[in-house]
Amino acid sequence: MESLWNQKWVIGNWKMNGRLQNNNALMHRFRILPQVDRVCIGLAAPTVYLLQLHNAMQIVLNNRILTCAQDVSRFAGNGAYTGEVSAEMMADIGVDIVLIGHSERSLYFGEKNEIQRQKIENVLNVGLLPLLCVGESLEEREAGKEKEVIAHQLSVLEGLDTKHIAVAYEPVWAIGTGKVATVEQIAEMHQFIYEQILSMHGNDAKIRVLYGGSVNANNATDIFAVPYVDGALVGGASLAYDSFTSIINAAQES
């Protein structure tokens, strides 16, 4: 997976969407997607559909599409944790990347740094790649605390035994709202995230920082042109082939 660190990433997050028949129809269309050698493509499906997607993506002709999980248990291995899915199980079915700390996990399930750190360590221990999601609320940005908030969220990366760090910056106020941060806001925060990671992991760290927050076919080209933006974490636009592939093509041409 070393080549991934020189590519733009476009990761689709389906959230709590998907059905077997619709998933198959979407993956069938991906079989004819022209090769995009400058882009790492991934899809984060609900856990119950991960194996379906992994198997379907083995027959995509021109591009490898990574299987991504939306979450993972803070408990490792096996045990009496009804309803939980461990990192070992994710690895067993062919998952490549695991989202950690999406704002919706914090908002609805109260997950904070300690739990996120446990999940990151579990994912790394089984050889998978965690993709840490960070972002500030509108109130925090209006109070001028956005960098303080992001620095605290990034602190879960301190001391990890890895030189490969992937982060998605998703301002909470821009997720699913149709609002997109300005080019200047995106550039400033992505540079800040790079600086924070380098300070923790050294100048030889391999870094990808994605932007997420109402990314769509109309704004993707402008977003990919912003310095320090290494790709996009795409929400609703990843549920439709035409819109998602438009974003992929924008990444290829950036």
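The residue numbers shown here count from 1 along each chain, following its written sequence. Given that the model is predicted, a residue must reach a pLDDT of at least 70 before its local features are reported, and side-chain atom pairs must reach 80 or more before they are shown or counted; all residues, however, enter totals for whole chains, interfaces and linings. To obtain the side-chain values, all non-hydrogen atoms of the structure were used and water was disregarded.

Draft legend 1. Main features of the packing of aromatic side chains. In this analysis, rings of Phe, Tyr and Trp, with Trp reduced to its six-membered ring, are considered paired at centre separations within 6.5 Å, and the interplanar angle assigns stacked below 30 degrees, edge-to-face beyond 60, and tilted for intermediate values. Scanning all chains against the criterion turns up six aromatic pairs. Here the aromatic rings of F75 and Y81 are separated by 3.8 Å at their centres, their planes lie at 5°, and the arrangement is stacked. Summarising the aromatic geometry, the rings of Y169 and Y211 are spaced 6.2 Å apart at their centres and angled 55° between planes, so their arrangement reads as tilted. Here Y169, found in strand β6 (residues 164-169), pairs with Y211, found in strand β7 (residues 206-212); they are 42 residues apart in sequence, far enough to count as distant. Note on classification: 1.4 Å probe, protein chains only; a residue is buried when its accessible area is under 20% of the maximum for its type, exposed when over 50%, partly exposed between these limits. Overall, the relative accessible area of 0% leaves Y211 in the buried class. One aromatic cluster is present, built from ring pairs that chain together F30, Y241 and F244. Lysine NZ or arginine CZ positioned within 6 Å of the ring centre and within 35 degrees of the ring normal marks a charge as sitting over the ring. One cation-aromatic arrangement involves R105 over F109; the distance from NZ or CZ to the ring centre is 4.0 Å. In DSSP terms, a helix is any run of H or I states spanning at least four residues, a strand is any run of E spanning at least two, and both are numbered starting from the N terminus.

Draft legend 2. Unusual backbone geometry, seen in detail. Positioned with a positive phi, K15 is a non-glycine residue whose angle comes to about 55°. Here K15 lies in the loop between β1 (8-13) and α1 (20-30). The class for K15 is partly exposed, based on a relative accessible area of 23%. A positive phi angle is found at Y228, which is not glycine, with a value near 70°. Relative to the helices and strands, Y228 resides in the loop between α9 (220-224) and β8 (231-234).

Draft legend 3. Structural context of the pattern of salt bridges. A side-chain nitrogen of Lys or Arg and a carboxyl oxygen of Asp or Glu constitute a salt bridge if their distance falls within 4 Å. Under the defined criterion, the tally for this structure stands at 13 salt bridges. Between E111 and K119 there is a salt bridge, with its nearest N and O atoms 2.9 Å apart. In terms of burial, E111 and K119 fall into one category: buried. For D204, the salt bridge goes to K163, with nearest N and O atoms at 3.0 Å. One end of the pair, D204, is in the loop between α8 (183-201) and β7; the other, K163, is in the loop between α7 (146-154) and β6, and 41 residues separate them in sequence. Among the residues examined, D204 registers a relative accessible area of 49% and is labelled partly exposed. Of the residues examined, K163 reaches a relative accessible area of 34% and is grouped as partly exposed. Ionic contacts of the salt-bridge type, sharing partners, join the residues D71, R105, E111 and K119 into one network.

Draft legend 4. Just the nonpolar core, in detail. In this structure, F30, L157 and I193 are the most contacted members of the largest nonpolar core, which totals 68 residues. Looking at which element gives the most residues to this core, the answer is α8, with eight residues. Whether two residues are in contact is decided by their heavy atoms: any pair within 4.5 Å suffices. Dropping the residues within four chain positions of it, I193 is found in contact with V134, I150, L154, V167, Y169 and V209. We define a nonpolar core as any set of buried Ala, Val, Leu, Ile, Met, Phe, Trp, Tyr and Cys residues linked to one another through side-chain atoms lying within 4.5 Å. Counting 17 residues, the second largest nonpolar core, distinct from the first, contains W5, I11, A44 and A166.

Draft legend 5. Region of the structure containing the packing of α1 against helix α2 (residues 50-57). Axis definition: a line fitted to C-alpha atoms, limited for helices to the stretch in contact. Angles are taken between N-to-C directions and run from 0 to 180 degrees. Where α1 meets α2, the closest approach of the two axes is 10 Å, and the angle between their N-to-C directions is 25°. Between α1 and α2, the interaxial angle falls into the category roughly parallel. Helix-helix and strand crossings are classified by hand; for α1 and α2 the assignment is right-handed. Counted together, L20, N23, N24 and M27 of α1 and Q52, L53, A56 and M57 of α2 form the full contact between these two elements. Three residue categories are used. Nonpolar comprises Ala, Val, Leu, Ile, Met, Phe, Trp, Tyr, Cys and Pro, charged comprises Asp, Glu, Lys and Arg, and polar comprises the others, including Gly. Of the residues belonging to the contact of α1 with α2, the class tally is five nonpolar, three polar and no charged. Working rule for angles: under 35 degrees goes down as roughly parallel, over 145 as roughly antiparallel, 65 to 115 as roughly perpendicular, anything else as oblique. By definition, turning the near helix anticlockwise from the far helix through less than a right angle yields a left-handed crossing, and turning it clockwise yields a right-handed one.

Draft legend 6. How the structure looks around the UniProt feature "binding site: substrate" (unreviewed entry) in the chain. UniProt positions are given in the numbering used here, feature names are shortened, and annotations may be inferred rather than shown by experiment. Mapped onto this numbering, the UniProt entry gives "binding site: substrate" (unreviewed entry) at N13, W14, K15, G176, S214, G235 and G236. These annotated residues cover 224 residues of sequence, and their C-alpha atoms all fall within 13.6 Å of one another, placing them together at a single site. Once residues within four sequence positions are removed from consideration, K15 is found in contact with A44, P46, Q70, H102, E104 and I175. Considering the arrangement of structural elements, one finds G236 in the loop between β8 and α10 (241-253).

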